[in-house]
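Architecture at a glance
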Amino acid sequence: MSARDAQIAAGRARPNAPDRVNPDGSRSIRMKRACNGCGVQLGDATEDEMNRGILGLPLPDVRRECPTCGPTAPDPKCVPVTIVEGDALCTENECDHEPDDRTPDEYCDQVAERKVCATHSAFDREGTVTSTAAWPCQRWAKGGESR
Ligand SMILES: [Zn+2]
Ligand SMILES: [Zn+2]
Ligand SMILES: [Zn+2]
């Protein structure tokens, strides 16, 4: 993580890239993140936010970044999500582990389900958790991390 990325992750800086016109005339539009309190555009969506959008996970609370909502916004709320851990083949139900009593939509016994905090964990595009905050989440209680 670069220093700039670290700043962005800490909510101190958010780039706001203009639309780019490609050589073939098409436009590349950066996804923007709107404040979840008042809807004002805050700048570029982070990679984590875009991944969450793709995965259908709750987007992080960004009211603290907003000039209007920031001063009165509470700490981002922790949201529990259940993730599955195991081999890619297993989590996609394409492995050869076949317990006799397993129904087709059930995971094999190599897969563990775990509850994590969606707010304080990071996800990549495939839905792999790259940074885990176990549930019940301790980050909010400590208070330091989200400020
Ligand atoms: Zn706002
Ligand atoms: Zn949390
Ligand atoms: Zn398996």
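Right above here is the structure, for reference.
This text gives an overview of the structure that appears in the document. Because the structure is predicted, anything quoted here is derived from the model rather than measured.

**Looking at the overall build of the protein chain**
Scanning the protein chain from N- to C-terminus turns up four helices and eight strands. Overall, the protein chain shows an N-to-C arrangement of helices and strands of α-β-β-β-β-α-β-α-β-β-β-α. Here the protein chain holds 147 residues, and 12% of them are scored as buried. Intrachain contacts of the protein chain at a sequence separation of at least 6 include 47% that bridge at least 24 residues.

**Brief notes about the nonpolar core**
Formed by Cys78, Val116, Cys117, Ala118 and Cys137, the largest nonpolar core amounts to five residues. Look past the residues within four positions of Ala118 in its chain and what remains in contact with it is Leu57, Pro58, Val79 and Val81.

**Here's the deal with the environment of Glu65**
On the secondary structure map, Glu65 appears in the loop between helix H2 (47-55) and strand E5 (80-85). Judged by local crowding, Glu65 falls into the partly exposed class, with 18 C-beta atoms found within 10 Å.

**Observations concerning the environment of Asp96**
Its location among the elements puts Asp96 in the loop between helix H3 (88-91) and strand E6 (112-117). What makes Asp96 exposed here is the crowd of 7 C-beta atoms within 10 Å. The spatial distance from the C-alpha of Asp96 to the C-alpha of Cys108 is 8.9 Å, given a sequence separation of twelve residues.

**Focus: unusual backbone geometry**
At the junction of Trp135 and Pro136, the peptide bond is cis and its omega measures out at 0 degrees in the coordinates. Considering the arrangement of structural elements, one finds Pro136 in the loop between strand E8 (129-131) and helix H4 (139-142). The phi angle at Asn93 is positive, at roughly 60 degrees, despite the residue not being glycine. Among the structural elements, Asn93 can be located in the loop between H3 and E6. For Asn93, a count of 14 C-beta atoms within 10 Å gives the class partly exposed.

**Some words on the environment of Glu47**
Along the chain, the position of Glu47 falls in helix H2. Residue Glu47 is classed as partly exposed on the basis of its 15 C-beta neighbours within 10 Å. Sequence separation between Glu47 and Ala122 is 75 residues, and the spatial gap between their C-alpha atoms is 9.8 Å.

About the criteria used
- Residues numbered from 1 in each chain as written.
- Chains lettered and ligands numbered in written order.
- Predicted model: local features only at pLDDT ≥ 70, side-chain atom pairs only at ≥ 80, totals over all residues.
- Helix = DSSP H or I, 4+ residues; strand = E, 2+ residues; numbered from the N terminus.
- Buried ≥ 20, exposed ≤ 12 C-beta atoms within 10 Å, placed from the backbone.
- Contact = placed C-beta atoms within 7 Å.
- Core = buried A, V, L, I, M, F, W, Y, C linked by C-beta atoms within 7 Å.

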